[in-house]
Amino acid sequence: MKTIEVDEDLYRFIASQTLHIGESASDILRRILKVDAGQPVQTTPPARESVSVSKVPAARSRDVVRVVRELLLSDEYAEKKKSVERFMSILSTLYSLNSESFAKTTEAMHGRTRTYFAGDEQTLLASGNHTKPRHISGTPFWVITNTNTGRKRSMVEHVMQDMKFPANVIEKVCGTI
């Protein structure tokens, strides 16, 4: 078996096509590409045949709960040893599922003296000492990371509630941080 690197959006697309837990990426791609195991894979398009690639709209309807569960079950997520790494991964995924809702929710989130989310690092640095802002991958947002694990869980819980996730999924996600 070979290891390949794919862009995050392609990885999420492949993961979103999972039919059952434990289905490998190879199985998913074989099903999508209609290639049987052992069948040689055609590496170039046949002569005179046009190949069209359809774009998957970013806002396409997807099962957001399934995407979040797949994140939690992924090897990449399991390899994250620090709560801040899992926190950042969850925030990135939530943004990818519904950027408008994420933006609306995080815009209003703040503590007594600190701003939790902002569009730039300087805003977070100005809102308190030792905020340790980090950029949320795949988003235009920054988040403070110098908070205890309970506060990180609370922030994720608030975002997920506003995004209308079921309570049991929110509890499961927060329990992994």
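Basis of the calculations
- Starting afresh in each chain, residues are numbered from 1 along the sequence in its written order.
- In view of the model being predicted, local features appear only for residues whose pLDDT reaches at least 70, and side-chain atom pairs are presented and counted only at 80 or more, with totals across whole chains, interfaces and linings using the full set of residues.
- Side-chain metrics rest on all non-hydrogen atoms present in the structure, leaving aside hydrogens and water.
- Two strands pair under a simple rule: DSSP has to find at least two bridges between them.
- Helical segments are the DSSP runs of H or I of at least four residues, strand segments are the runs of E of at least two, and each set is numbered from the N terminus.
- Should any heavy atoms of two residues lie within 4.5 Å, those residues are considered in contact.
- An axis is simply a line fitted to the C-alpha atoms; with a helix, the fit covers only the stretch in contact. Between two such axes, the angle follows the N-to-C directions and lies from 0 to 180 degrees.
- Put simply, angles under 35 degrees are roughly parallel, angles over 145 are roughly antiparallel, angles from 65 to 115 are roughly perpendicular, and the rest are oblique.
- Helix crossings fall into two classes, left-handed where the near helix is turned counterclockwise from the far one by less than a right angle and right-handed where it is turned clockwise.
- Each residue receives one of three labels: charged for Asp, Glu, Lys and Arg, nonpolar for Ala, Val, Leu, Ile, Met, Phe, Trp, Tyr, Cys and Pro, and polar for the others, Gly being one of them.
- We define the nonpolar core as a collection of buried residues of types Ala, Val, Leu, Ile, Met, Phe, Trp, Tyr and Cys that are connected through side-chain atoms lying within 4.5 Å of one another.
- Only protein chains enter the calculation, and the probe is 1.4 Å; a residue is then buried if its accessible area is under 20% of its type maximum, exposed if over 50%, and partly exposed in between.
- Like charges are joined within 9 Å and nonpolar side chains (Val, Leu, Ile, Met, Phe, Trp, Tyr) within 5 Å, but only among residues with over 30% relative accessible area and no salt bridge; these make up the patches.
- For accessible areas, the Shrake-Rupley method is used with a probe of radius 1.4 Å. Any residue's cover is judged against the shown protein chains and nothing else.
- What counts as a salt bridge is simple: a side-chain nitrogen of Lys or Arg found within 4 Å of a carboxyl oxygen of Asp or Glu.

Colleague: Honestly, the sheet that holds strand E2 (residues 133–135) in this entry has me stumped. Any pointers?
Modeller: Remark on secondary structure: sheet strands pair via backbone hydrogen bonds, oriented parallel or antiparallel. One open sheet holds the three strands; their spatial order is E1-E3-E2, and the pairing between them is antiparallel. For this open sheet the edge positions go to strand E1 (117–118) and E2, each flanked by a neighbour on one side alone. Two strands pair when backbone bridges link them, and E1 and strand E3 (residues 142–144) are joined in this way by two bridges, in the antiparallel orientation. Directly across from Ala 118, in E3, lies its bridge partner Trp 142. Contacting E1, E2 and E3, helix H5 (residues 83–97) runs over the sheet at an angle of about 145° to E3.

Colleague: Is there a simple way to explain the packing of helix H3 (residues 64–73) against helix H9 (residues 167–176) in this structure?
Modeller: Between two packed helices, both the angle of their axes relative to each other and the distance between the axes serve to describe the pair. Put simply, H3 and H9 touch, their axes get as near as 11 Å, and they point 25° apart. As judged from the angle between their axes, H3 and H9 are roughly parallel. Considering how the two elements wind past one another, H3 and H9 form a crossing that is left-handed. For the pair formed by H3 and H9, the contact residues are Val 65, Val 68, Arg 69 and Leu 72 on the first element and Asn 168, Val 169, Lys 172, Val 173 and Thr 176 on the second. Here the residues of the contact of H3 with H9 are counted per class, giving five nonpolar, two polar and two charged.

Colleague: Can you help me understand the nonpolar core in this one?
Modeller: Across soluble globular proteins, you tend to see nonpolar side chains buried next to one another. Core analysis: the largest hydrophobic core is formed by 35 residues, its most contacted members being Leu 94, Phe 102, Phe 117, Val 156, Met 160 and Phe 165. Here this core takes eight residues from H5, the largest share from any one element. Among all residues touching Phe 117, those that are not within four sequence positions of it are Leu 91, Phe 102, Thr 106, Met 109, Leu 124, Ile 136, Trp 142, Val 143 and Met 155.

Colleague: Is there a simple way to think about the packing of helix H8 (residues 149–162) against H9 in this case?
Modeller: Packing of H8 against H9 leaves a shortest axis separation of 9 Å and a crossing angle of 155°. When the axis of H8 is compared with that of H9, the two are roughly antiparallel. Helix-helix and strand crossings are classified by hand; for H8 and H9 the assignment is right-handed. Within the contact between the two elements, H8 uses Arg 153, Val 156, Glu 157, Met 160 and Gln 161 and H9 uses Val 169, Ile 170, Val 173, Cys 174 and Gly 175.

Colleague: What is the right way to look at a nonpolar patch on the surface in this model?
Modeller: A contiguous nonpolar patch, built from Ile 4, Val 6, Leu 10 and Tyr 11 and spanning about 370 Å² of accessible area, is present on the exposed surface. With relative accessibility at 65%, the residue Ile 4 sits in the exposed group.

Colleague: What is the right way to read H3 from this model?
Modeller: In an α-helix, one turn spans 3.6 residues, which is why side chains three or four residues apart end up on the same side. Among the residues of H3, Val 65, Val 67, Val 68, Glu 70, Leu 71 and Leu 72 are the ones counted as buried. Residues of H3 that are buried in the fold lie against helix H1 (8–16), helix H4 (75–78), H5, H8 and H9.

Colleague: Would you explain the pattern of salt bridges in this entry?
Modeller: Side-chain pairs of opposite charge can arise whenever the charged atoms involved come near each other. Using the criterion set out here, one finds one salt bridge in the structure. Across the salt bridge formed by Glu 70 and Arg 66, the nearest N and O atoms sit 3.3 Å from each other. With a gap of four residues between them, Glu 70 and Arg 66 both fall in helix H3, about one helical turn apart. Assessed through its relative accessible area of 16%, Glu 70 is described here as buried.

Scope: geometric values only; no functional claims are made or implied.
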